[in-house]
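Descriptive structure summary
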Amino acid sequence: MIRALYTISAAIALASNAFLLSLLFFPDSTPVDAHLWPKPVHACHGHRTIQLSKDFRFLLPHDPHPRLDNAAARFRGRILKSNFQSPVPADPSLVALENRSQVTDIKLEFVKVEIENSAVGDALELETDESYRLLIAMDEDSSAPFDIDQKQCDQMPNNPFPHGVSGIIRAKTLYGALHGMETFTQLVINNPQDGTKEIAGAPILIHDRPLFSHRGLMLDTSRNYISLSSLYRTIDAMAMNKFNVFHWHIADSQSFPIVLDDQLGNDSKSEILPLSQLAAKGAYSSDMVYSKKDIAKLVNYAMNRGIRVIPEIDMPGHAWSWSRAFPEITSCLDGYPSYSRFSAEPPSGQLNPAIPKTYEVVQGVYDQVLPLYKDKYFHAGADEVNINCWNNTDSILEYMKSKAIPRTDEGFDRILNEFVSKQHQILRRGGRTPIVWEEPLLNHKLKTLEHNKDTVIQVWTSAQNIKKTVEKGYKVITGSADYWYLDCGFGDWLGNWTMGRSWCDPYKSWQRIYSFNPISGLSPKEAKNVLGGEALLWTEQVDDTNLDVKLWPRASAVAEVLWSGNSDDSATHLWNGPDQKLDTLRSVEALDRINEHRFRMVSEKIGAEPLQPLWCVQHPGHCLWPIYDSKPKEGSY
C-alpha cells in the first residue's frame, strides 16, 4: 500500500517535470488548465486551446425561464470579471502544442443552452434531474443520447478548428443547465500573458450527473448568529461545489431569531398568541434576527442557484429560547450549574407535551414559517430529548398519572410519541414530509414513525447507524460526527474544561472527510434508501469572523463524494475501505484539484482556508506522506 502511494507520488512528480520541460521545448504554448471540482462523472478532451470571444455569451432558448436568464448573466459576468490565476501547474497533457497565432485565431463565440424538459419550469425537488452534457468545439444533434460512448472519446477530433467554434450545454432541467454553466466557468482560465480567456484541452465532452440526490450543508444560526451577507456568500460557495440543499438549523435553545407576528390561537375563543415575542425576547438582539422577507429572499436566492432550503426549528428539546416568550409551555429551564441533568449542553429547556397551549404555539409558528419555504421536506428536529427533564416536571407526571401512563422508559416514549405525532400532523397538513434526527427511531419506540415510513431519518452520531436505519425500512440522510462534522477538533467551549478535547474529536481533515463512503456495508437494495448526506457545522465556536474557514474547502470534499464519489476503481464510484486498495481512493488525484478550487473560491471572496503550504501547491506530488525503504531510527522524522 505504501509503495503504491510512492508510485503515485513519483508519477505526479514526473508529470510536474514534464510540464516544465514542455515550457522549454514549446515556448509558444500556453500552460492553461482547469482542475474541475467536483470531478465530472465522465469527461474526455483533446489537446487544443481556444480563446473566448470578447463578445462571448450564453445562447438561451427563446423566452428563457427567469432563473436561467439570471444564471446566464451571472456566469458570464463571473467569467469576464475574473482575474483568477491558479497556482497549481497545468497538466502537461492539456498544454497546447500549437503556436500563439493559432490559438488567437480560434474563438469560442457562444455556448448554446438546451433544456429538454422545459415544461417542468422551476420545480426543484429531491427527484429533480440535475444531469447535463457539455460539449466544447464539437457538434451534436440535440436528439443524441446523454450517456458517453467510449468510442466518442477515442475518436475525439484533433484536427485544426475553424476560426469560430461554439459549445453546447444540454440538460434535462434548468438546474442541470446551471451545473453545466458552473463547470464551463471553471474551464475558463485567464492567460497571464495577455489577459485573454482561454480553454485548454479542446475539444471537450463531459457527461455529468450526481450520485446522490440530497447533497447538503447544514448550518446552525442559533448558537451564534450568522448574518445574511454571510448566508448569501455561503449559498454562492455551495453552488460552486454543486451542493443542492441548504439545511438551515435556524432556531435552537440559545436563540430564536425568526421574527413572527402575533396571531389568534387554534379557534375563535383563543387568546392572541404573542409569537412576536419569540424573537423579541428569544433572539440575541433586535439586529440578530431574520424577518419573513429576509427568509423569502434567501430562499429565492438559493433557488436561483439550484439549492433547496430545508429549515429546522428543533423541538421538543433544545427549547430554552422559547421560554422567554412562553415560560408556561417549557420545562427544566437553565439547570445551572448542573445543566447536564436536563440537556446535552447549556442552556437546558424542553417543550412540555402535557400543556395544550404547547401545540397552539407550535401550530402558530408553523403557520407562519411553512409558507416561507417551498420544499416539501421540513426538518422537525427531535434530537437529544432528555427524559429526566420530563421525569422532574410535575405537570407532566400528573398528566401521565391521569392517563395511566407508567413512569418508565416505555411511558416516556409514549409522551414523546404524543408530541412528535401532533407535530408531524401539523407538518403533513401543511404539505410537508418530516425529517428527524436518528434518536426517535434508534433510541425510542415511537408508533408514529412505525406508521409513517416516509419520515426521513438523519443519522448523526455514527456511520454505523446508517445500516441500522435502512434495515428498518427508512430513507436516510447521512453526515455523521465521525466523518462530516466540521466543528470537531477545536477544543471544548465549556469554560472550566481544561482537557482540551471536543466531544467529537479528532479534527475532520479534508482527507478524512473525502474517505467516507455513505453506502459502505449496504446491499444494493439498502443503498437505494440513502438519499445522500450533509456536511454539518454547529456554531458554538463560529460566527461571521470564522465561518468561511470552518466550512471551506473541507465541505468541498463532501460535495465531491456526493456528486461523483471518491474512487475511480469501484462500481459505485465510492471507496470501500478495507475491501479496496488504498490507492483506489482518489484523494491523491484530488489534491491538486481541491487546492486549485480553494484558490478559485478565494478569488470569489470566499475565505476558504489553505490546505497546504503554497510551495506544495506549486509542486504537485512533493508533499505526500514520506516513504522509507526501512524503518527510521528512533527519534527520526
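Before reading further, recall that the structure is shown in the block above.
About the cut-offs
- Residues numbered from 1 in each chain as written.
- Predicted model: local features only at pLDDT ≥ 70, side-chain atom pairs only at ≥ 80, totals over all residues.
- Heavy atoms only, no water.
- Helix = DSSP H or I, 4+ residues; strand = E, 2+ residues; numbered from the N terminus.
- Expected span 1.5 Å × (residues − 1).
- Buried < 20%, exposed > 50% of the residue type's maximum accessible area, 1.4 Å probe, protein only.
- Arc of directions from axis to C-beta.
- Axes fitted to C-alpha atoms, helices over the stretch in contact; angles between N-to-C directions.
- Parallel < 35°, antiparallel > 145°, perpendicular 65-115°, else oblique.
- Contact = heavy atoms within 4.5 Å.
- Pairing = 2+ DSSP bridges.
- Disulfide = S-S within 2.5 Å.

1. Some words on helix H8 (residues 292-303)
Taking 1.5 Å per residue as the helical rise, H8 with its 12 residues ought to reach 16 Å, and the 17 Å between its terminal C-alpha atoms agrees with that figure. Within H8, burial applies to Ile-295, Leu-298, Val-299, Ala-302 and Met-303. Buried residues of H8 fall within an arc of 135 degrees about the axis and therefore sit on the same side.

2. A few points about the packing of helix H2 (residues 66-81) against helix H5 (residues 174-187)
Interaxial distance between H2 and H5 falls to 10 Å at its minimum, and their mutual angle equals 5 degrees. Our classification of the angle between H2 and H5 gives roughly parallel. Across from Arg-67, Leu-68, Ala-71, Ala-72, Phe-75, Arg-78 and Ile-79 in H2, the residues of H5 making contact are Leu-174, Tyr-175, Ala-177, Leu-178, Met-181, Glu-182, Phe-184 and Thr-185.

3. Digging into unusual backbone geometry
Here the amide bond leading from Met-315 into Pro-316 is cis, since omega sits at 5 degrees, within 30 degrees of zero. Following Asp-505, the chain continues to Pro-506 via a peptide bond in cis, the omega torsion being 0 degrees. Residue placement: Pro-506 occurs in the loop between strand E17 (476-478) and helix H17 (510-514). Backbone geometry places His-318, a non-glycine residue, at a positive phi of 55 degrees. Here His-318 lies in the loop between strand E11 (308-315) and helix H9 (320-323).

4. Some details on the sheet that holds strand E16 (residues 456-458)
Pairing is parallel in the closed barrel, where 8 strands are placed in the order E7-E8-E11-E14-E15-E16-E17-E18. When the angles between neighbouring strand axes are averaged without regard to direction, this sheet yields 30 degrees. As defined by bridge partners, strand E8 (residues 245-251) adjoins E11 across 6 bridges and the pair is classed as parallel. Bridge pairing links Phe-246 to Val-309 in E11. Each of E8 and E11 touches H8; the most contacted strand, E8, lies at about 165 degrees to it.

5. Section: the state of the cysteines
Throughout this description, disulfide means a covalent bond between two cysteine sulfur atoms. This structure, assessed with the given rule, holds 3 disulfides. The partner cysteine of Cys-488 in its disulfide is Cys-504, sulfur to sulfur 2.0 Å. The sign of the S-S torsion, about -110 degrees, decides the handedness of the disulfide formed by Cys-488 and Cys-504: left-handed. Placement of the pair is Cys-488 in the loop between E17 and H17 and Cys-504 in the loop between E17 and H17, with a sequence separation of 16 residues. In terms of burial, Cys-488 and Cys-504 fall into one category: buried. Here Cys-616 connects covalently by a disulfide to Cys-623, the sulfurs 2.1 Å from one another. Disulfide Cys-616-Cys-623: the torsion about the S-S bond is -75 degrees, which places it as left-handed. Under the relative-accessibility criterion, Cys-616 is labelled buried at 10%. On the basis of relative accessibility, which here comes to 26%, the residue Cys-623 falls in the partly exposed class.

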